[in-house]
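Each chain is listed here by its residues.
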Amino acid sequence: MKIAENTFNSPYQADKNGFYGRFGGAYIPEMLYPNVEELQLKYKEILADPSFQEEFQQLLTDYVGRPSPLYLAKRLSEKYGGHIYLKREDLNHTGAHKINNTVGQILLAKRLGKKRIIAETGAGQHGVATATVCALMNMECVVYMGSVDIKRQAPNVARMKMLGATVVPATSGSETLKDATNEAIRDWINNPVNTHYILGTAAGPHPYPDMVARFQSVISEEIRKQLLEKTGKEIPDYVVACIGGGSNAAGAFYHFLDEPSVRLIAVEAAGHGNDSGESAASTVLGKVGLIHGAKTLLMQTDDGQITEPYSISAGLDYPGIGPMHAHLFESGRGTFLSATDNEALAAAFELTRLEGIIPALESSHAVAKLKDLALRPEEVVVVCLSGRGDKDMEAYIRNLDKF
Amino acid sequence: MNRIDQLFAQKKQNVLNVYCTAGFPTLESTLPVMQALQSAGADLIELGMPFSDPLADGPVIQDSSTQALKNGMTLARLFEQLKDFRSSIQLPVILMGYLNPILQMGVENFCRQCAAVGVDGLILPELPLPEYEKEYQAIFEKYGLYLIFLVTPETSEARLRRLDAASKGFLYAVSSSSTTGKDKDMGDQTAYFRKLQALHLKNPVLIGFGIKDKGTFTTACTYSNGAIIGTAFIKAIANANDALPATVKSFIQGIIA
């Protein structure tokens, strides 16, 4: 395994200024410029360094537990047709794909000489994954988390605290992922020299979308190898992933971006429905705008104020999407669907009962759209099961009677 | 001649720039606050366009922005409020804000309205220099709008020179690397202020962030052409209600008298 070598040949990759088509870039105040510039200048060189790669790969293998299995879900396939494979990111250490990126970024932070780590988190998976690598590397860790999310993802808050992180509630706006990200960025402005910001999704200013996508690209790199072993063909017909900011989708799509026969399906959170006023489906409800330093598709008012999204899933409750995904949407390379809270819950219960796998609410959104694909018997689908459902047990128990 | 240039042609020391959020504390206080600032002796007005997610601002200015939006402030409404402001206000006026509302209005449309009402300059901290030069500069110049750039203690000398070359009107020197309203000790920044002085920049320099009273204003002015007060002023007028002009007057007098 090695980190994807990007030659900028793909129309779906970031160009040298971090643009994907007209999306991306780095729209940041001067107070952040030295930090972001340092990353822009050094990230590729550091990632390409053999000693970095060796350390990264070893941690992915021995600490994260990679490669994660690619599991043929037979009963799910019987129900929806085709051959449905689950990419089991839920089996990673800490329970989600987020750890792939935090392992990479903590090694990067060490090489940049940083002493203090900050992060934002929605569902708490990225916060836990960050707190974990900080414990491993003996670094100070501060995680910003919306107050609403602190309540609805209590098990992850406890884990972060046990891991030694300070969890700071974000109390502005809708008190969710967007607001936690605002606070993390403000912290970085106030601590420009000693602090590295481990952003958890494929969003934010350049180079974050590209850097996070590269660290997560191990997902699709493994899928190709595993499919080849299992089916004799490394190219599936579909890759399906949920998308909030879009890190697991970026990783699952990465090595298929330039394989036009592979249909890339991104599933956004539709909350109570895209017409309900309570949704987080940015490609349906958004327009071009700026959030957290990137130009992308953004939910906003006519006056350009960012609107508060809603989803039962804290990890998808974000009013924008990463710029790579905005470009996949606009160029037509990706197909964007959305799943409501109820569809996601139904899918979570169904996957649990058919396969004995309790998925995270986020990942359940991806599973929920299998019913819309109208699969033919010979078709091969890979669903990125980005995380496990332990953190969501309260929501599942509350809905046990309904499903 | 741009009013900002006129100001610095006449006054090279102790220039006081005051930040206020449009539509705060009440929707209709935009103009009364500006008029009160003029009568009280401010030299420049930096009018904040409220935004839902002001990343570079600390809690006080964030809250003023949130309050202004709750009051019903929008960019379109701001231009309505500013329609005749030049009949009563002669001070140079700069609009400060985040890019997204401007992108929604359309950059050229925004600039046209700025010019029509008599705005002199803009502070847009998220606008990258290369993009400004490529896509915005010609439009801003067409409408006579000065773009003022920020520099910080972490800005390299080479970049400082580039930003000074691009900046028009003055250069905004952020006193310490922070969001607005952080109470960092300015005493630690004297080396940075001296460095700025020694560079003999093209533009006048105003120091902002952490200027909250006469003492900090005087210190900043020792090293620059003047200073910018934001958070402390917002705090002062937050609960002024009917006594707004008197509150503004006593605040400004407390700084410059």
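Residues numbered from 1 in each chain as written. Chains lettered and ligands numbered in written order. Predicted model: local features only at pLDDT ≥ 70, side-chain atom pairs only at ≥ 80, totals over all residues. Heavy atoms only, no water.

An unreviewed UniProt entry annotates chain B as Tryptophan synthase alpha chain of Chitinophaga costaii. Listed under Sequence similarities (unreviewed entry) in UniProt, the entry text for chain B is "Belongs to the TrpA family." (UniProt positions renumbered as here; feature names shortened; annotations may be inferred.)

For chain A, an unreviewed UniProt entry supplies the name Tryptophan synthase beta chain and the organism Chitinophaga costaii. As recorded by UniProt, the Subunit (unreviewed entry) comment attached to chain A reads in full: "Tetramer of two alpha and two beta chains." According to UniProt, the comment filed for chain A under the heading Cofactor (unreviewed entry) is "pyridoxal 5'-phosphate".

**Student:** I tried to follow helix α8 (residues 157–166) of chain B on my own but got confused; where do I start?
**Tutor:** Because the α-helix completes a turn every 3.6 residues, residues three or four places apart line up on one side. Arg159, Leu160, Leu163, Asp164 and Ala166 of chain B are the residues of α8 of chain B that are buried. Within α8 of chain B, the buried residues cover an arc of 165° as seen down the axis, which keeps them to one side. Opposite the packed face of α8 of chain B, turned more than 90 degrees from it, sit the exposed residues Ala158 and Ala165 of chain B. Elements that come into contact with the buried residues of α8 of chain B comprise α1 (33–48) of chain A together with α7 (129–142), β5 (146–147), β6 (150–151), β7 (171–174) and α9 (190–198) of chain B. (Buried < 20%, exposed > 50% of the residue type's maximum accessible area, 1.4 Å probe, protein only. Helix = DSSP H or I, 4+ residues; strand = E, 2+ residues; numbered from the N terminus. Arc of directions from axis to C-beta. Contact = heavy atoms within 4.5 Å.)

**Student:** Looking at this structure, I do not really get the sheet that holds strand β9 (residues 238–242) of chain A. What am I missing?
**Tutor:** The pairing of strands in a sheet comes from backbone hydrogen bonds and takes either a parallel or an antiparallel form. All names here are of chain A. If you trace the 6 strands from one edge of the open sheet to the other, you get β3-β4-β14-β9-β10-β13, paired in mixed fashion. In this open sheet, the two strands that pair with only one neighbour each are β3 (70–72) and β13 (334–340). If you compare each strand with its neighbour and ignore which way they point, the axes differ by 25° on average. Pairing analysis gives 3 bridges linking β3 to strand β4 (residues 83–88), with the strands arranged antiparallel. Each residue of the ladder has a partner; that of Leu70, found in β4, is Lys87. Contacting β3, β4, β10 (263–271), β13 and β14 (380–385), helix α14 (residues 341–355) crosses the sheet at an angle of about 90° to β13. (Pairing = 2+ DSSP bridges. Axes fitted to C-alpha atoms, helices over the stretch in contact; angles between N-to-C directions.)

**Student:** Please clarify how the nonpolar core should be interpreted in this entry.
**Tutor:** For soluble globular proteins, nonpolar side chains are generally found buried alongside one another. Grouped together as the largest cluster of nonpolar side chains are 195 residues, with contacts concentrated most on Phe253 of chain A together with Leu37, Leu95, Phe110, Phe140, Phe170 and Phe233 of chain B. Both domains that furnish three or more residues to this core are identified here as domain 1 (33–59 + 98–212) and domain 2 (63–95 + 217–402) of chain A. Setting aside residues no more than four positions away along its own chain, Leu37 of chain B makes contact with Val18, Cys20, Ala42, Ile45, Phe233, Val248 and Ile252 of chain B. (Core = buried A, V, L, I, M, F, W, Y, C linked by side-chain atoms within 4.5 Å. Domains from an automatic or database assignment.)

**Student:** Honestly, unusual backbone geometry in this entry has me stumped. Any pointers?
**Tutor:** In terms of backbone geometry, most residues other than glycine have negative phi values and most peptide bonds are trans. Put simply, His206 of chain A and Pro207 of chain A share a cis peptide bond, and its omega is 20°. Looking at where Pro207 of chain A falls in the secondary structure, it is placed in the loop between β8 (195–197) and α9 (208–216). A cis amide bond, omega 0°, links Phe24 of chain B with the succeeding residue Pro25 of chain B. Among the structural elements, Pro25 of chain B can be located in the loop between β1 (15–21) and α2 (30–40). Positive phi values are uncommon outside glycine, yet Thr94 of chain A reaches one of about 75°. Relative to the elements of secondary structure, Thr94 of chain A occurs in the loop between β4 and α4 (98–111). In the Ramachandran plot, Asn138 of chain A falls in the positive-phi region, its phi being about 60° despite a non-glycine side chain. Mapped onto the elements of the fold, Asn138 of chain A is located in the loop between α5 (125–137) and β6 (140–146).

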